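# Structural overview
Given next are the chains, with one letter for each unit.
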Amino acid sequence: SVSYFIEIKFRSPTMFRNQYDTDVTVWSPEGRLLQVEYAMESVKQGSACIALRSSTHAVIGALKRSVSELSSHQQKILDIDDHIGIGIAGLTADARTLAKWMRNECLNYKYVYGTALPTGRLMTDLADRHQRTTQTYVRRPYGVGLLVAS
């Protein structure tokens, strides 16, 4: 006797629950960009940062948390230039990428113009860089919030 095995697969509604979060340029039926929401959630789950500024000084403080008892603390305050520092909340890898880019921009400006890069100009360029990642197919949004002190 010959027995046949027939496999029938049913499509459940939960099967396609992640079809809209694979790319940053795909909108969900509700009109949401899920990749942007994921990036904002990683910032919310990051450590707290605080800054104080006077007419001559700026101070940044950050809460260091380790993921587990076996891991080490990650650096949450980074120097960008002689006059700029940042505190981070969110994905540390994204913060290091942006800090490296900001340092490079400061060095290039100082080399070309012989003076420090104005903080407002650096922040405008950084905002443009953030925005481009939400409009580009191959990139994901940065999952980091920066507290900039100058």
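Residues numbered from 1 in each chain as written. Predicted model: local features only at pLDDT ≥ 70, side-chain atom pairs only at ≥ 80, totals over all residues. Heavy atoms only, no water.

In terms of burial, strand S1 (residues 49-53) is a largely surface element, zero of the five residues being buried. Hairpin geometry of S1 and strand S2 (residues 58-62) is characterised by an intervening segment of four residues between the two adjacent antiparallel strands. (Buried < 20%, exposed > 50% of the residue type's maximum accessible area, 1.4 Å probe, protein only. Helix = DSSP H or I, 4+ residues; strand = E, 2+ residues; numbered from the N terminus. Pairing = 2+ DSSP bridges.)

Attention now goes to the confidence of the model for the protein. Predicted coordinates in regions of low pLDDT should not be interpreted in detail. Summarising the model, the protein shows a mean pLDDT of 82, and 80% of its residues fall at 70 or more. Across the protein, helix H2 (residues 92-113) holds the top mean pLDDT of 95, while helix H1 (residues 34-44) sits lowest at 82. Here residues 12-16 is a poorly scored stretch, pLDDT under 50, and it has one contact once near neighbours within four places are set aside; other chains count. (pLDDT = per-residue confidence, 0-100. Contact = heavy atoms within 4.5 Å.)

We now examine helix H3 (residues 119-135). Helix length check: H3, at 17 residues, gives a terminal C-alpha distance of 25 Å against a target of 24 Å (1.5 Å per residue), a fit within 8%. Turning to H3, its buried residues are Thr119, Leu122, Leu126 and Thr133. All buried residues of H3 lie within an arc of 65° about the axis, which places them on one face of the element. At its buried positions, H3 is contacted by strand S3 (77-81), strand S4 (84-90), H2 and strand S5 (144-149). (Expected span 1.5 Å × (residues − 1). Arc of directions from axis to C-beta.)

As a further point, take the packing of aromatic side chains. In total, this model carries one aromatic pair according to the counting rule given. Judged by centre distance (4.5 Å) and plane angle (40°), the ring pair of Tyr109 and Tyr113 falls under tilted. Here Tyr113 and Tyr109 lie together in helix H2, a separation of four residues that amounts to about one turn. (Phe/Tyr/Trp six-rings, centres within 6.5 Å; stacked < 30°, edge-to-face > 60°.)

Now for the environment of His83. Positionally, His83 belongs in the loop between S3 and S4. The class of His83 is partly exposed, set by a relative accessible area of 25%. Sequence separation between His83 and Thr119 is 36 residues, and the spatial gap between their C-alpha atoms is 8.5 Å. Apart from the residues within four sequence positions on either side, His83 is in contact with Ala116, Leu117, Thr119, Ala149 and Ser150.

What follows is about a nonpolar patch on the surface. There is a patch of nonpolar side chains on the surface, built from Tyr111, Val112 and Tyr113 and spanning about 440 Å² of accessible area. In this structure Tyr113 comes out as exposed when scored by relative accessible area, which is 54%. (Patch = residues over 30% accessible without salt bridge, like charges linked within 9 Å, V, L, I, M, F, W, Y side chains within 5 Å. Areas by Shrake-Rupley, 256 points an atom, 1.4 Å probe, with all protein chains shown as cover. Salt bridge = Lys/Arg side-chain N within 4 Å of Asp/Glu carboxyl O.)

Turning our attention to the sheet that holds S4. If you walk across this open sheet you meet the three strands as S3-S4-S5, and the pairing is antiparallel. The strands lining the two open edges of the sheet, one partner per strand, are S3 and S5. Neighbour-to-neighbour, the strand axes of the sheet open up by a mean angle of 30°, direction not taken into account. In the sheet, S4 pairs with S5 via six bridges, with the strands oriented antiparallel. Note on S5: the bridge partner recorded for Gly90 is Val144. Against the sheet, H2 touches S3, S4 and S5, its axis set at about 20° to S3. (Axes fitted to C-alpha atoms, helices over the stretch in contact; angles between N-to-C directions.)

Take the pattern of salt bridges next. Enumeration according to the criterion identifies four salt bridges in this entry. Note that Arg32 is salt-bridged to Glu37, the shortest N-O span being 2.8 Å. Of the residues examined, Glu37 reaches a relative accessible area of 28% and is grouped as partly exposed. Here Asp82 makes a salt bridge to Lys110, at a shortest N to O gap of 3.7 Å. Of the two residues, Asp82 is situated in the loop between S3 and S4 and Lys110 in helix H2; the sequence distance between them amounts to 28 residues.

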